[in-house]
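Tertiary structure, described
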Amino acid sequence: MYKVDLSADPKELAAIEARKNREKERQSRFFNVRNRVMGVDVEALNSQVVERKLREVTEQSRDAAYGTNHVQYDLVAQMLEKEQAERTRRLAKKIQEFREQKQQLKNRREFDLRDPDGLRKEFPACLGDSDPHCGPASLQCFSGEDLDRATCLKMQQDQFRYSLERQLQEQQRARVDEKCADMLNDQLYLGMDMRATYLAKLEESCRMAMMSAVANINKAQGPHQVAELAEWQRREHQREQEANLVDIQNQITSDLLTENPQVAQNPLAPHRVLPYCWKGMTPEQRAAIRKVQQMQRYEKEAQCQAEQALDAQWESQTMLSAQAAMELEQQERELCAEFRRGLGSFNQQLAKEQKAQQNYLNSIIYTNQPTTQYHLQFNTSSR
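Chains are numbered independently. Their residues run from 1 in the order of the written sequence. Local features in this predicted model are restricted to residues whose pLDDT is 70 or higher, and side-chain atom pairs enter the listing and the counts only when it is 80 or higher, whereas totals over whole chains, interfaces and linings include all residues. The side-chain numbers reported here are obtained from all heavy atoms of the structure, hydrogens and water having been left aside.

1. Considering the overall build of the chain
We count it as follows: We count a stretch as a helix when DSSP gives it H or I for four or more residues in a row; a strand needs E for two or more, and each element gets its number in order from the N terminus. Accessible area is worked out with a 1.4 Å probe on protein chains only. A residue is then buried under 20% of its type maximum, exposed over 50%, and partly exposed in between. We call two residues in contact when some of their heavy atoms are within 4.5 Å. The accessible surface values rely on the Shrake-Rupley method and a 1.4 Å probe; as for residues, cover is taken only from the protein chains in view.
When helices and strands are counted, the chain shows nine helices and zero strands. Secondary structure elements in the chain, listed N-terminal to C-terminal, are α-α-α-α-α-α-α-α-α. Sorting the 383 residues of the chain into buried and exposed places 4% on the buried side. For the chain, long-range pairs separated by at least 24 residues make up 26% of all intrachain contacts whose partners lie at least 6 apart in sequence. As displayed, the chain offers around 36,200 Å² of accessible surface, 57% of which is attributable to carbon and sulfur atoms.

Structure below.
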């Protein structure tokens, strides 16, 4: 037979190519773990992205249009506000001008009742005591009326000025008199000082003259007067010595030097003393104080001994507690060591068993180990 080259059927080729494309698409979909597990629809996501972008563009264009409208509305509102303010200002200005021109205070009907200068404009009720407008029956003097008030005020001012000037003159005169009096006092004091100095000098000169005269008289009288003077001086000295001895005896026997404790006792408060008379404690008081101090020392020693005994007890208790704690720690360490030894032996036994189990699995159960070619045959097709 003759060998004839037959052309392939186009439909068959198209079908084969379509199957190949579907297989590739299927493999890409199956072998992509993310798409297979999560089920992501890429077309839906792309469509959502496009819709979101289109919606954002639409919202931006709408916001821009709203913004433009808002700006225009604001401008219109500002123009209307300015126009309204200008209209209000013009109206207020016209009202003020109308009030100033047409509604003045003097043009009102009741202005004569409220005119502040009404009394000044009126005709005076009386021009004086000889007013021709008043008849013979008219009264000329009323209670509280003072027609000469201006004259009286002027007279009062003149009198006040005169009294003020007189007071100033009197003050100046008083200052001048005070200065003169001070000057006279200074001169008087100076004269008195000079007079006292002169009298002191005169007295000193008189005393010196008297002493010289007495000395001359003593010399003129002779040795008899000298003997009498010496005897008088001896008697005076003896009397002074006796007085001194009596004074010394009184001082020695007085309460001040004998330190009588009864003198320092306060008569109003027996438990207190007078500080300016107290000379110290008596031997009985000092002995009582020493006795109390001795008792306090004994009590202090007893207290110290008791504290030392208590401290010794606490120290012994602390040592016993420390020894007990050390014994407990030793026991705990021994128990921990024993536990670690038991745990180590248990782990060794367990390791031996696991090793034997693994050897059993590797030598008896898992004898046919899979190769790399065995693993490569998976995931090569979507079927």
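2. Thoughts on the pattern of salt bridges
Keep this limit in mind: The salt bridge criterion pairs a side-chain nitrogen of Lys or Arg with a carboxyl oxygen of Asp or Glu, the two atoms within 4 Å.
All told, the structure shown has eight salt bridges when counted by the stated rule. One salt bridge connects R239 with E236, and the closest N-O pair in it is separated by 2.0 Å. You can see R239 and its partner E236 sitting in helix 6 (residues 223-252), three residues apart, about one turn around the helix. Residue classification places E236 among the partly exposed residues on the basis of a relative accessible area of 29%. Among the charged side chains, a network of salt bridges with common partners joins E86, R89 and R90.

3. Let's talk about the confidence of the model for the chain
Interpretation of the predicted coordinates at a detailed level should be avoided for regions scoring low in pLDDT. In plain terms, the rule: What pLDDT expresses is the predictor's confidence in each residue, scored from 0 to 100.
The predicted model of the chain has a mean per-residue pLDDT of 82, with 85% of residues at 70 or higher. The secondary structure element of the chain with the lowest average pLDDT is helix 7 (residues 255-258), at 64, and the one with the highest is helix 8 (residues 283-365), at 91.

4. What to know about a nonpolar patch on the surface
Note the following rule: Surface patches are drawn from residues lacking salt bridges whose relative accessible area is over 30%; two like charges belong together within 9 Å, two nonpolar side chains (Val, Leu, Ile, Met, Phe, Trp, Tyr) within 5 Å.
On the surface, V273, W278, M281 and I289 cluster together into a nonpolar patch covering about 340 Å² of accessible area. When you line up the elements, M281 lands in the loop between helix 7 and helix 8.

5. Topic: the layout of surface pockets
As a reminder, the rule being used: Buried and open spaces are told apart on a 1 Å grid over the protein atoms alone, a cavity being a set of points where a 1.4 Å probe fits but cannot get out and a pocket being an open set with protein on both sides within 12 Å along at least five of seven lines. Residues with an atom within 4 Å of a point are the lining residues. Grid points are joined across faces, edges and corners, and a volume is the space filled by probe spheres set on the points. Charged means Asp, Glu, Lys or Arg here, nonpolar means Ala, Val, Leu, Ile, Met, Phe, Trp, Tyr, Cys or Pro, and polar covers whatever is left, Gly included.
Taken as a whole, the second largest pocket encloses approximately 180 Å³ of empty space. Every residue lining the second largest pocket is listed: P261, A264, Q265, P270, H271, R272, V273, W278, G280, M281, T282 and Q285. Counted by class, the lining of the second largest pocket contains six nonpolar, five polar and one charged residues.

6. Examining the environment of T282
You can see T282 is positioned in the loop between helix 7 and helix 8. For the pair formed by T282 and N260, sequence separation is 22 residues and the distance between their alpha carbons is 9.4 Å.

7. Some points on the environment of F30
By the secondary structure assignment, F30 is in helix 1 (residues 10-31). The spacing of F30 and N379 is 349 residues in sequence and 9.3 Å in space, taken between C-alpha atoms.

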